[in-house]
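# Fold and geometry: a report
Listed below, chain by chain, are the residues.
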Amino acid sequence: MMNFRTALLAAAAGLAAITSFAAPAAAQRDPAYAAARANGSIGEQTDGYLGIVGTVTPSLQDLVNDINIRRRVVYTQKSQENRATIEEYAITAGCQAIMRTIPGEKYQAPDGSWKTRTEAEPERLPICP
């Protein structure tokens, strides 16, 4: 059985293989998603899922739920391919998603607080590859 760190690194390798598909998908983002990300209503969480930063509205909750469901499907498939748990794979994805945030976007710091990305590297979990 792999330890968590080894599994996380294996998941990172698998995630790196699919990141080439992320850029085209990002270019075709839902305008509501892009707006919510730009205005700080949503942010990347350390667990690999999106979170709502401020006021929860039904439409924002639906948007986040839809994206998180789709992420969970990918994490499930890729975790099996990489012999990691879904949670290990999701955390690795969260590490990388937080690194891909741009200045002005929100992300979750290791202590659970929401931060706004600056030009500096974001705070990430110590286990992030």
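Below you will find a few notes about this structure. The shown structure was predicted, so the numbers you read here are calculated from the model rather than taken from an experiment.

Here we come to the state of the cysteines. This model, assessed by the stated rule, comprises one disulfide. In this model Cys95 forms its disulfide with Cys128; the gap between the sulfur atoms is 2.0 Å. An S-S torsion of about -80° defines the bridge between Cys95 and Cys128 as left-handed. Of this pair, Cys95 sits in helix α4 (residues 86-99) while Cys128 sits in the segment after β4 (114-116), and the two are 33 residues apart along the sequence. Its relative accessible area of 2% is what places Cys95 among the buried residues.

The next subject is the pattern of salt bridges. Counting across every chain of the model gives six salt bridges. The salt bridge partner of Glu81 is Lys78, with a shortest N-O separation of 3.2 Å. With Glu81 and Lys78 both in helix α3 (residues 58-81), this residue pair falls three residues apart, about one helical turn. Residue classification places Lys78 among the buried positions, given a relative accessible area of 16%. Its salt-bridge partner being Glu123, residue Lys115 comes within 3.5 Å of it at the nearest N-O pair. Taking relative accessible area as the criterion, Lys115 reaches 27% and is therefore assigned partly exposed. One network of salt bridges, in which partners are shared, links Arg37, Glu44, Arg71 and Glu105.

It is worth spelling out the packing of aromatic side chains at this point. Inspection of every chain in the model, using the stated rule, returns two aromatic pairs. A ring pair is formed by Tyr49 and Tyr75, whose centres lie 5.3 Å apart and whose planes are at 70°; its orientation type is edge-to-face. Taken together, the positions of Tyr49 in the loop between β1 (42-44) and β2 (50-52) and Tyr75 in helix α3 put the pair 26 residues apart, joining distant regions of the chain. What makes Tyr75 buried here is its relative accessible area of 6%. With a centroid separation of 6.0 Å and an interplanar angle of 55°, the aromatic rings of Tyr75 and Tyr89 are classed as tilted. Placement of Tyr75 in helix α3 and of Tyr89 in helix α4 is noted, with a sequence separation of 14 residues between them. Of the two residues, Tyr75 and Tyr89, neither departs from the other in class, the shared state being buried. These aromatic residues form a ring-pair network of at least three members: Tyr49, Tyr75 and Tyr89.

Reading across the sheet, the four strands line up as β2-β1-β3-β4 and stay open at both edges, with mixed pairing between neighbours. Edge strands, defined here as strands with exactly one partner in the open sheet, are β2 and β4. Each strand axis lies, on average, 40° off the axis of its neighbour in the sheet, ignoring direction. Sheet topology note: the β1/strand β3 (residues 106-108) ladder contains two bridges and is parallel. Across the sheet, residue Gly43 finds its bridge partner in β3, namely Lys106. Sheet contacts for α3: β1 and β2; angle to β2, the most-contacted strand, approximately 165°.

Reading guide: rules and limits
- Residues numbered from 1 in each chain as written.
- Predicted model: local features only at pLDDT ≥ 70, side-chain atom pairs only at ≥ 80, totals over all residues.
- Heavy atoms only, no water.
- Disulfide = S-S within 2.5 Å.
- Helix = DSSP H or I, 4+ residues; strand = E, 2+ residues; numbered from the N terminus.
- Buried < 20%, exposed > 50% of the residue type's maximum accessible area, 1.4 Å probe, protein only.
- Salt bridge = Lys/Arg side-chain N within 4 Å of Asp/Glu carboxyl O.
- Phe/Tyr/Trp six-rings, centres within 6.5 Å; stacked < 30°, edge-to-face > 60°.
- Pairing = 2+ DSSP bridges.
- Axes fitted to C-alpha atoms, helices over the stretch in contact; angles between N-to-C directions.
- Contact = heavy atoms within 4.5 Å.

So, to be careful, I would describe these as geometric facts and stop short of saying anything about function.
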